[in-house]
Amino acid sequence: MKDAMNNYKNINLLDCTLRDGGYVNDWNFGHDNLMSVFERLVASKVDIIEVGFLDERRPYDFNRSIFPDTESIKKIFQNASLKPPMVVGMIDFGTCDISNLQPCSESFIDGIRVIFKKQKMHAAMEFCRQVKALGYKVFSQLVSITAYENSDLDELIELVNDVEPYAVSMVDTYGLLNPSSLLEYYNYLDEHVNPNINIGFHAHNNFQLGYANCIAFLSKPTKRNIVVDGTLYGMGKSAGNAPLELVAMHLNQNYGKAYDLKPMLESIEESIKPFFFRTPWGYKTLFFLSAQNECHPNYVDYFLKKENLSISSIEELLSKIEPKDRKLLYDKDYAESLYQSYIKQHTNDASVFAKIGKELEGKDILLVGPGQNIRLQKSLVDEFCKKHDCFVISINYLPDFLKTDCVFITKINRYRQIDNPAFSKVKVIATTNVSPKDKNFDYVINRENLLEPKESIKDNSFLMLLKVLLSSGVKSVYCAGFDGYSDKEDNYFIPEMEYDFVKQIAVHLNSHIRDVVNAYRKSMTIKFITFSQYDHEEDVNSATF
């Protein structure tokens, strides 16, 4: 198949996660996720990114990828550091008037995809002509291509050749196509559509044939440009879409493309999977990773269960399985030896602890958590900071109300949420399950050794940091913003940082953490500046400065 790359002028890979994936979450990705997904897709070198729907019925919402007009798209994405070769939005014909579209020269997006059913083809194609007149690259998207008879296609093709959009795309709305039937539609379009017009394909995965159909679409020799769609992790309603990372892998292997799969996988772990856990659709990363690396899926499952590995680390481990014929013969002992060798190579906790200890030697250390009291009792924190030359370590976030020297990061999603220019200037201590984005971390520590495996929340970041500091020889710390868990109300001033289930077990968790803190006090002085349920009841709020 490698010779197939010569059959095309150009193949463009289009991601529509932020648009088609929005059916899962009502397009409420959250602004941080919108930007994170967009930036990771740019980093992966995807050719076209579809950022969402244009729908005049929906109000502007900073957190959603559905917009009343093109100006709203600009408001959300204009600060993106990089752009792909093309950015597009989508209009379901009849839901967004032409008056809501700026001229392309004034817009963040380069193109607009217009979806329509065959009954509306005449009015929709005339709308496409108007959009094209504004300077946009227009994609005419044939909703439910399986509903078109040859006579319908003849009528549609005449309109398409007259308007000459950038592309005309087959949309398998209900996932009914198989490779053979897809090629029948494709051959007909390819034969009759003007050769300067791209032909595209958008798969749905109802019969688990989305990826197979994309392969069939790509396999047909043609001298015209083509566009193939996908979404990260196949995100979409019901069975989802063709997984972008699979299509990208196939293009890399067979058509001379060079898409970077790691940013795609990292975006899946950090931004897409939380929605999957709430509203699942088909397909699993486990099988993708095993297929991509041509190895037994049990290797992937084994490394995933280690919990202290990032997705990039797992990929690196899978690439180390040698010789090739061993990849398909799962060997648990071999997997463990690979894992131990990797951890030894990438972490040296004793050395890291020594460096942290040297960094903190002789300093008054203030640990800052995300509890409500960090704001409610801010005067106490301010008073303390006036009297002490503090070295401030925050946990999984960077406060905007306090100068911070270091941040301790234990969670991938918290790391991605940090959006503060000051982040580039602070030291970072991170656990091994987090991959750096823009700069290498100053200190990396094996996460596995910091966990509380018998507890409901085994990765309590406060206890993990105390263990790091104890191991680094620190003898005294002050703490603020560690309120404890509540069974009645949200006790985080950043609500997204709280676990959903803790209210049911708040009393137990507070008791456990208090016991651990008291045990640590045998080797370290721990004083709480703001109210904390982790403290001795008689000592609450009694720290002397």
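Computed from a predicted model, the values in this text were never measured in an experiment.

**A word on a nonpolar patch on the surface**
- A surface patch of nonpolar side chains, amounting to about 340 Å² of accessible area, comprises Tyr174, Leu176 and Phe207.
- Within the secondary structure, Leu176 sits in the loop between strand E7 (167-171) and helix H7 (179-192).

**Focus: the sheet that holds strand E13 (residues 427-431)**
- The seven strands lie next to each other as E14-E13-E12-E11-E10-E15-E16, forming an open sheet whose pairing is parallel. Of all strands in the sheet, those bounded by a partner on one side alone are strand E14 (443-445) and strand E16 (525-528). For this sheet the average axis-to-axis angle between neighbouring strands, irrespective of direction, equals 20°.
- Each of strand E10 (364-368), strand E11 (390-395), strand E12 (406-409), E13, E14, strand E15 (476-480) and E16 is contacted by helix H19 (residues 461-471), which is oriented at about 140° to E11, the strand it contacts most.

**Some points on the packing of helix H8 (residues 210-219) against helix H9 (residues 244-254)**
- Remark: H8 packs on H9, axes separated minimally by 10 Å, with the N-to-C direction vectors making an angle of 35°. The handedness of the crossing between H8 and H9 is right-handed. Contacts between H8 and H9 involve Tyr211, Cys214, Ile215 and Leu218 from the first element and Leu246, Val247, Met249, His250 and Leu251 from the second.
- The class makeup of the residues in the contact of H8 with H9 is eight nonpolar, one polar and no charged.

**Regarding unusual backbone geometry**
- The residue after Glu322, namely Pro323, is reached through a cis peptide bond having omega -10°.
- Locating Pro323 in the fold gives a position in the loop between helix H13 (311-319) and helix H14 (332-346).
- The phi torsion at Ser144 lies on the positive side, around 50°, for a residue other than glycine.
- Positionally, Ser144 belongs in the loop between strand E6 (137-142) and helix H6 (150-163).
- Phi is positive for Asn396, which is not a glycine, with a value near 65°.
- With respect to the element layout, Asn396 can be found in the loop between E11 and E12.

**Digging into the environment of Arg58**
- Here Arg58 lies in the loop between strand E2 (48-54) and strand E3 (66-67).
- According to the relative accessible area criterion, Arg58 is partly exposed, its value standing at 23%.
- In contact with Arg58, other than residues within four places in its own chain, are Asp26, Trp27, Arg64, Ile66, Phe67 and Pro68.
- A polar contact is formed between the side chain of Arg58 and the side chain of Asp26, at a distance of 3.2 Å.

**Structural notes on the side chain of Arg447**
- Structurally, Arg447 can be placed in the loop between E14 and H19.
- With relative accessibility at 8%, the residue Arg447 sits in the buried group.
- When near neighbours in sequence (up to four residues on either side) are disregarded, Arg447 contacts Glu307, Asn308, Thr410, Thr431, Thr432, Asn433, Asp459 and Met464.

**Brief notes about the confidence of the model for the protein**
- Averaged over every residue, the pLDDT of the protein is 90; the share at 70 or more is 93%.
- Per-residue pLDDT stays below 50 along residues 537-545; that stretch engages in 19 contacts with residues further than four places along the chain or on separate chains.

**Considerations on the nonpolar core**
- The biggest cluster of nonpolar side chains holds 107 residues, and the ones touching the most others in it are Phe77, Phe116, Met170 and Phe303.
- Top element by residues in this core is helix H10 (residues 261-278). It accounts for seven residues.
- Sequence-distant contacts of Phe116, that is, excluding residues within four places in its chain, are made with Phe93, Met121, Ala124, Met125, Ser140, Gln141, Leu142, Val143, Tyr148 and Leu156.
- Grouped together as the second largest cluster of nonpolar side chains are 39 residues, Phe408, Tyr485, Val517 and Tyr520 included.

**Some words on the environment of Leu309**
- Checked against the element boundaries, Leu309 lands in the loop between helix H12 (297-304) and H13.
- Along the sequence, Leu309 and Thr432 sit 123 residues apart, while their C-alpha atoms lie 5.8 Å from each other.
- Ignoring sequence-local partners within four residues, the contact set of Leu309 consists of Phe303, Ile314, Leu317, Tyr339, Tyr342, Ile343, Thr432 and Asn433.

**Quick word on the side chain of Ser435**
- The topology assignment puts Ser435 in the loop between E13 and E14.
- Of the residues examined, Ser435 reaches a relative accessible area of 13% and is grouped as buried.
- At a separation of 2.8 Å, a polar atom in the side chain of Ser435 contacts the side chain of Ser310.
- Setting aside its immediate chain neighbours within four residues, Ser435 contacts Glu266, Ser310, Ser312, Tyr415 and Phe441.

**Side note on the pattern of salt bridges**
- Scanning the entire structure with this criterion turns up 27 salt bridges.
- Ionic pairing is found between Glu336 and Lys306, a salt bridge with its closest N-O pair at 2.8 Å. Residue Glu336 is found in helix H14, and its partner Lys306 is found in the loop between H12 and H13; the two are separated by 30 residues along the sequence.
- For Glu336, a relative accessible area of 22% corresponds to the partly exposed category.
- Since its relative accessible area comes to 15%, Lys306 is described here as buried.
- If you follow the salt bridges from partner to partner, you end up with Arg19, Asp20, Glu50, Arg113 and Asp229 in one network.

**Topic: the pairing of strand E8 (residues 198-202)**
- Most of E8 sits out of view: five of its five residues are buried.
- With burial as the criterion, each face of E8 is covered, one bearing Asn198, Gly200 and His202 and the other bearing Ile199 and Phe201.
- For E8 and strand E9 (residues 226-230), the ladder comprises three bridges, and the chain directions are parallel. Counted as the bridge partner of Gly200 is Val227 from E9.

**Topic: the packing of aromatic side chains**
- For the structure shown, the criterion picks out 23 aromatic pairs.
- Arranged with centres 5.4 Å apart and planes meeting at 70°, the rings of Tyr415 and Phe441 form a pair that is edge-to-face. In this pair, Tyr415 sits in helix H18 (residues 412-417) while Phe441 sits in the loop between E13 and E14, placing the two residues 26 residues apart along the sequence. As far as the burial class goes, Tyr415 and Phe441 line up, both buried.
- By the ring-pair criterion, three or more aromatic residues cluster together here, those being Tyr233, Phe276, Phe277 and Trp281.

Rules used throughout
Residues numbered from 1 in each chain as written. Predicted model: local features only at pLDDT ≥ 70, side-chain atom pairs only at ≥ 80, totals over all residues. Heavy atoms only, no water. Patch = residues over 30% accessible without salt bridge, like charges linked within 9 Å, V, L, I, M, F, W, Y side chains within 5 Å. Areas by Shrake-Rupley, 256 points an atom, 1.4 Å probe, with all protein chains shown as cover. Salt bridge = Lys/Arg side-chain N within 4 Å of Asp/Glu carboxyl O. Helix = DSSP H or I, 4+ residues; strand = E, 2+ residues; numbered from the N terminus. Pairing = 2+ DSSP bridges. Axes fitted to C-alpha atoms, helices over the stretch in contact; angles between N-to-C directions. Contact = heavy atoms within 4.5 Å. Left-handed = near helix turned anticlockwise from the far one by under 90°. Nonpolar A, V, L, I, M, F, W, Y, C, P; charged D, E, K, R; others polar. Buried < 20%, exposed > 50% of the residue type's maximum accessible area, 1.4 Å probe, protein only. Polar contact = N/O pair within 3.5 Å; in protein donor to acceptor, adjacent residues only side chain to side chain. pLDDT = per-residue confidence, 0-100. Core = buried A, V, L, I, M, F, W, Y, C linked by side-chain atoms within 4.5 Å. Phe/Tyr/Trp six-rings, centres within 6.5 Å; stacked < 30°, edge-to-face > 60°.

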